[in-house]
Amino acid sequence: MVFSGIELHTACDRKKEKNSKFFSGIKGKKNKIHFQSQPHERHFELIDIIRSRMQISEAKDACIRKKLIELAATKTCRQINIPQISLGLLGGIHESDFLNEKHYFQWRKRQVNLLEEFISSSPNHGTNEHHMVRSSLLKIRDPKEWDVKMSPSDRTEVLYAIRLVVLGLSSLPGEVGLETGTSDWTVGYQLNIRIYEKLLFGMFDILDESQLIEEAEEILDLIKMTWPTLGITQKIHDAMHGWVLFRQFVGTHEPSLLEHSILKLQRFVSAEDHDRKKEQYIDRLECSQRYNGVETKLSLVESILCSISIWCDSRLQDYHLHFSKEPDIFGRVMMLVSLTGVPIINDSEEIKLLKLNASDGNVILKFSTYVERSIEAAYTRVASTINLESKLAKTHGLALLANELNLLAKREFSIFYPVMRNWYPEAGAVSATKLKKYYGERLQPYLAEVSYLTEDVRSVLSAANALDYDLSELYTSICEENKLNHLSNHTLDRYQIEEVAGPVILDWIIAQHSRILQWTERQLDLEKWEALSFQQRQAPSVVEVFRIVEETVDQFFGWNLPMNITHLQALLSVIFHSLDTYLSKVSNGLVEKKDLLPSAPPLTRYTETVIPIIKRKVVENTPTDNGMNDKLTASTISKLCIRLNTLQYIKKNSGILEDSLRKSWALVRSSKYQRSAVDEPLQNTVTDCLTYDEAVDELFSTTFNSIRDTSTNAIGTICDLIGLRMVFWDLRDKVLSCLYCGNVESARLDKFLFHFDTVLNRICGLLDESLRDLVALSVYRASMDAFVWVLLDGGPSRAFSEADVSLLEDDFTMLKEFFIADGEGLPRSLVEKEAEFAAQILQLFSLKTDTVIQMLLNSSQRISSGLHAHRHGRIPDDAYILIRVLCHKKDREASKFLKRQYQLPMSSEYDDTPSKDSAVGSTFMSDILERSSSFHWTEKGQKSLSSFKKKIQEATSELRHGAW
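Residues numbered from 1 in each chain as written. Predicted model: local features only at pLDDT ≥ 70, side-chain atom pairs only at ≥ 80, totals over all residues. Heavy atoms only, no water.

- As recorded in an unreviewed UniProt entry, the protein goes by the name Protein unc-13 homolog isoform X3, listed as coming from Rhodamnia argentea.

**What about the packing of helix α27 (residues 637-670) against helix α30 (residues 753-766)?**
Reasoning step 1: Between α27 and α30, whose axes approach to 9 Å, the crossing angle comes to 35°. Handedness of the α27/α30 crossing: right-handed. Contact with α27, carried on its side by I637, S638, C641 and N645, involves R762, I763 and L766 of α30 and no other residues of that element.
Reasoning step 2: Of the residues assigned to the contact of α27 with α30, the class counts are 4 nonpolar, 2 polar and 1 charged. (Axes fitted to C-alpha atoms, helices over the stretch in contact; angles between N-to-C directions. Helix = DSSP H or I, 4+ residues; strand = E, 2+ residues; numbered from the N terminus. Left-handed = near helix turned anticlockwise from the far one by under 90°. Contact = heavy atoms within 4.5 Å. Nonpolar A, V, L, I, M, F, W, Y, C, P; charged D, E, K, R; others polar.)

**Re the pattern of salt bridges**
Reasoning step 1: Tallied over the full model, the rule gives 32 salt bridges.
Reasoning step 2: Between D811 and R748 there is a salt bridge, with the nearest N and O atoms lying 2.8 Å from each other. Of this pair, D811 sits in helix α32 (residues 802-820) while R748 sits in the loop between α29 (732-736) and α30, placing them 63 residues apart in sequence.
Reasoning step 3: For D811, a relative accessible area of 0% corresponds to the buried category.
Reasoning step 4: We classify R748 as buried; its relative accessible area is 15%.
Reasoning step 5: Note that R781 and E834 form a salt bridge whose closest N and O atoms lie 3.2 Å from each other. Separated by 53 residues along the polypeptide, R781 in helix α31 (residues 772-793) and E834 in helix α33 (residues 828-834) bring together distant segments of the chain.
Reasoning step 6: Note on E834: relative accessible area 14%, which makes it buried.
Reasoning step 7: Linked by salt bridges that have partners in common, E658, R662, D697 and R708 make up one network. (Salt bridge = Lys/Arg side-chain N within 4 Å of Asp/Glu carboxyl O. Buried < 20%, exposed > 50% of the residue type's maximum accessible area, 1.4 Å probe, protein only.)

**A look at the nonpolar core**
Reasoning step 1: Counting 267 residues, the largest nonpolar core has Y439, I575, L661, W665 and M726 as the members making the most contacts within it.
Reasoning step 2: Considering every element that reaches this core, the biggest residue donor is helix α28 (residues 692-730), with 17 residues.
Reasoning step 3: Excluding residues within four positions of it along the chain, I575 makes contact with V549, V553, L657, L661 and F704.
Reasoning step 4: Membership of the second largest hydrophobic core comes to 6 residues, among which are Y291, L298, C306 and I310. (Core = buried A, V, L, I, M, F, W, Y, C linked by side-chain atoms within 4.5 Å.)

**Let's talk about the environment of F812**
Reasoning step 1: For F812, the position within the fold is in helix α32.
Reasoning step 2: Note on F812: relative accessible area 5%, which makes it buried.
Reasoning step 3: Sequence-wise, F812 and L842 are 30 residues apart; in three dimensions their C-alpha atoms are separated by 8.8 Å.
Reasoning step 4: Setting aside residues up to four positions removed in sequence, F812 forms contacts with M784, F787, A835, A838, A839 and L842.

Shown next, in the form of structure tokens:
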């Protein structure tokens, strides 16, 4: 830098002239450079930074500065070069100038190395002069020879002899037209390049080599002052600077260094040759390069580009290994390749750099090699660790391998392919083909052995299907995107996943069907029909059944395998049969309605007698076997309420299950890994004329509508049973047997309604809130039926006078109002509608006896003529009803008519207390409960009035004999 014109002073001089603005420097005659733009102090700060970067002590620095100034005072910049500077320093600096001997020997050795490098790079290095210089340098290198044996005059003589040779080499004629004596462009230029390279490396931070020091730009300006002495041009500087930045990136992996290196190399590649003669000389400087076992001599610039290209080539042979975690660097490396070219060995066994050209066959072959080798290497790495990972993860190796290869493919197509496609559009297709082939070779033997569905089979088939689909889609999209017609005509062969998975999924569903049915039966066998908890009032068994059904559904949709409508149909069939089996068990084993009804009392005519007679007992139906007792035990109010709650739970949760299934199936069908609905056959659907969506909807609707309908019907049946059980069985002795017994006034309804209130409150505490109105309606209907039973089939102990009718009507209104409950109970309109039949019966008791008799005779005539009974207005005229109205009328005319026409016994002949000697059900009451709008004979039962009388008489005779 001294001989480049930069002012340089010793520390002593700076102290003496600290008030001066500039120091008088050593100025070259040809290349005098003024550094006046920099502040005075900043100038020395930068020089001091350079000193510290070169790890030179202040004492050594002061000594070297002094000797350089002395040397520069006797020389011109035109004649100075590196060897002359080294020789001048060797002659002027001694051991006494250093603090210790070791530092002096290291410094002297460095100067000898510089001189040896200079001699080695000079032409005709085998001459006697060269041998003399080498032997002299050996003496300088040897401490004993140089410092002990040789005298100062001998040392001066040796240095002088070397200086003559150096001057001679520096004065050799110029090459390729360069001026004679231009030493920086002739002998020792390689040495200059190496020194300049070291200077550029000095701009990096010692503590963090990935970062430039803060003063890098300023120091670079100082380094550029060496260009005249070292023979550096702007183009050489750009090449060397880019090379140094690249070298530092390789060592530190700092992306910004690579980016700056690219910028320098871009400027270098695009620069024009302003001095053609110097460029020719530089091109003749040979550097050795080795690639794939071939060594080639290249020019300096070619060597820099080739070194970078070879490094890029080595990384691109396995770009997944080197760039997967640094995708941005991959793009920059490809930019480097576009600047340097790719290395190949030509036919002459020489290294050549090919510029990237998508139409060049050699370039295409090179990139194809990159892709194939990288994919193969990445696959090999993944496959080599799969067995160990499989043991650790407890997952089948083929499933893990497929997942890893899918991730590998995603990296390939998201990171590498978008960059590679600029020069090699087929890169993505080649990657997909290779990955498909490698995995298929390991998958096919496994598929051949699959016979049933296990967790391992599921995981392998699912992962393989995903990989198969993704690779095929990527291959197709790449061919279409890049218009690769020669590849798009050949689609990738698909793995036979669907063909293998379809049958084993069906087998699994069938196995689940048997398992769920067994579990359902087991739960029902253990069921006691008690609430799960106060908040959850359904039976525990139904929760378990839904749990196992939902587990099966979750497992089914969790397979992540190719499925079609046949699999859905099989799954829905399992769900239907499971719930239908449970529903049938909920409704079975219960007492029948007819078994809850009172016994049929004898038909009698009302009479009053004071003469004591032996009275007959009224028979009552009682259970006659253990089976009936079991049914009655299973049909208690509390158990029936729990069954109702359970049915409502099924109805509600089947809807939730349906919605969940529909959503899950929609997600399955929308998955990219499923076959398109257009391609799926519908031969297993309800009808061939349905579209796919219609067929699916039909399956869901049919399955769950049937479950809901069955639940609704069962709810209705059990609701009716609760009403009958409460009114006709549980409250029979407390209400039914006592109401209006003996006389109306003493056994009014208001005396018994509190029993209804008590039982209804208990029922409401057991029921789900949504069911309370239904059960209340059922109890109300049963209450109305019981009211009708008391009026028409109440037995010998009940008879109603005309005066009683108003009381009956009041009680009838009271009963209705009880269930309306001041607007908080059943709707009034519904209560009135349900009471219509009872109101009609009650209206019959308000009619005159002769009117009722005439109605009975008219009805009998219609029966005799084969006509069905029908209503006149709101009064029923069924013969069965009318004859019972007459039987319960406290009226002498009615009694005479019944005695004369039907020979019915007197009511006073029977005891009010029922007998339990036999079980004769009330068939008439069963008919009443059917709620027919009109009661009529069947065609076989249509008889004349005489036959009707005979039938009644026979029934009465049977009852008479049975009572005795």
